[in-house]
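These are the residues of each chain, in order.
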Amino acid sequence: MTNTDNIPFLDLIALHSELEEELVGVFKGALRTGAFIGGPAVEKFEKDFAAFCDTKHCIGVSSGTDALRFALMAAGIGEGDIVITVPNSFIATTEAISQSGARPVFVDVDAATYNMDARRLLAHLEGNYYRDDNSGCWRDRKLGLRVAGVIPVHLYGQPADMDAIQQIADRFHLTVIEDACQAHGAEYYSNRDGRWKKAGSMGKAAAFSFYPGKNLGACGEGGAVTTNDAELAQKIRMLRDHGQAKKYFHDVEGYNGRLDAIQAGILKVKLDHLTAWNQQRRESAREYRELLSSVDSGVGLPYEPSWAKAVYHLFVVRVANRAGLQRHLGEEHIGTGIHYPVPLHLQKAYAGLGYEPGDFPVAEQAAEEILSLPMYPGLKAEQQRRIVKCIHEFARLTHSEARVMAVST
Ligand SMILES: *Cc1c(COP(=O)(O)O)cnc(C)c1O
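Residues numbered from 1 in each chain as written. Predicted model: local features only at pLDDT ≥ 70, side-chain atom pairs only at ≥ 80, totals over all residues. Heavy atoms only, no water.

Q: An account of unusual backbone geometry is needed here, citing residue identities and associated values.
A: Along the chain, His339 connects to Tyr340 via a cis peptide bond; the corresponding omega equals 15°. Mapped onto the elements, Tyr340 comes out in the loop between α10 (322–331) and α11 (361–369). Residues other than glycine seldom take positive phi values, yet Asp54 does so here, at roughly 60°. If you trace the backbone, Asp54 turns up in the loop between α3 (40–52) and β1 (57–61). A positive phi angle, close to 70°, is found at Tyr248, a residue other than glycine. Secondary-structure assignment places Tyr248 in the loop between β12 (244–246) and β13 (249–250). For Tyr248, a relative accessible area of 61% puts it in the exposed group. (Helix = DSSP H or I, 4+ residues; strand = E, 2+ residues; numbered from the N terminus. Buried < 20%, exposed > 50% of the residue type's maximum accessible area, 1.4 Å probe, protein only.)

The structure is reproduced here in structure tokens:
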């Protein structure tokens, strides 16, 4: 008898049904007060999320994409600048760079962590830029553009190696903006500072997304910038609100990029559970590791360095026959995802940047082999056992097929 219980890749229904009354209360509160945009709910959430991230300021905005874009613009990055990031991110990272007016440039990632490889960042900077003695900034040899910033992405909920990146950024006068859109609550042990630091508290500023599927998700769209820089925070407050510090007095042209009061209220309710949810994700990750390494599973496990406390936005394994395993799990009603199937430098949208297959071999090979297994708070150990059983079964099947092929040739 086959087990046909559906195990979704992500379960957003169970999570919210537990909080239904409280969440409906937020909506009713907004109806009663008529406060839909801005107001105390937004301010309260901003204060709480800043505290959660160990930062002085948090500015709620309408999405993670806006958070990245506003952070770059407020840091003075735009036309004529280069911002360096990784090719294995969601396109929002590079959209924000382009839409600020700057040009995205990639460096390859570390094969074990999938995050920005600081050695490659350094080699890229040393090899392709010269110091402009007039301004003190570094310019690229081909186009003469100023390299102004770097966006490490804390991919899958695991922090990038921020000490190493910050050290390089200091040398080349780069502003570091963290893409923390997958890393709410993740921590990094900084040797420089001798303590654990929260994702979102390490760069000049950081961007968070509250897209429903993120570790902290709204019931709609939302995002935030965190920073310790008061001036930057003030600029972002203006950018999100049509460039006005006072209603109808526009110092600059800005955007409609605010966080809704209802979403802020919802996020406030959910923020109180985030630490426990992240703990559950870490537990599930531990369970996957144990189960997958106790059998011949045929998959490579994610690597968590000793200086990282990942929050497992995703649990990503590697497998040679990815399409086969994904199909097999699908037939067993187990949902999976691929984050992401095409690296950014090979996307049609970026054909104009002039990259080619082979430019970033680590990211390219990962894109062929990665598979995201079900991961969400509330995932049961019993479900994980069934998932791993199916993975093991697939490994056995492919092994025996490989033997048959070896014999018949
Ligand atoms: C989700 C995400 C974003 C964008 O966030 P939105 O809220 O969807 O705009 C940016 N970067 C990364 C790495 C993400 O995962």
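Having put the structure on the table, let's press on.
Q: Before we move on, can you summarise the nonpolar core with the specific residues and values?
A: Ranked by internal contacts, the top residues of the largest apolar core, which has 41 residues, are Ile84, Met116, Leu121, Leu125, Tyr129, Val147 and Val150. When contributions to this core are tallied by element, the ones reaching two or more residues are β2 (81–85), β3 (103–106), α6 (118–128), β6 (146–150), α7 (162–171) and α11. The element contributing the most residues to this core is α7, with 4 residues. With residues near it in sequence (within four places) discarded, Val150 still touches Val83, Ile84, Met116, Leu121, Ile165, Ala169, Leu174, Thr175, Val176 and Ile177. (Core = buried A, V, L, I, M, F, W, Y, C linked by side-chain atoms within 4.5 Å. Contact = heavy atoms within 4.5 Å.)

Q: Any chance you could break down the site of the ligand for me, citing the residues and the numbers?
A: Taken together, 15 residues form the shell around the ligand, and within it Gly64, Thr65, Gln182, Ser209 and Lys214 come nearest. One of the side-chain nitrogen or oxygen atoms of Ser209 is found 2.6 Å away from an oxygen atom of the ligand. At 2.9 Å from an oxygen atom of the ligand is found a side-chain nitrogen or oxygen belonging to Lys214. Protein chains shield 93% of the accessible area of the ligand, which is 380 Å² for the free molecule. A class-by-class count of the residues in the shell around the ligand yields 5 nonpolar, 8 polar and 2 charged. (Near = heavy atom within 4 Å. Polar contact = N/O pair within 3.5 Å; in protein donor to acceptor, adjacent residues only side chain to side chain. Areas by Shrake-Rupley, 256 points an atom, 1.4 Å probe, with all protein chains shown as cover. Nonpolar A, V, L, I, M, F, W, Y, C, P; charged D, E, K, R; others polar.)

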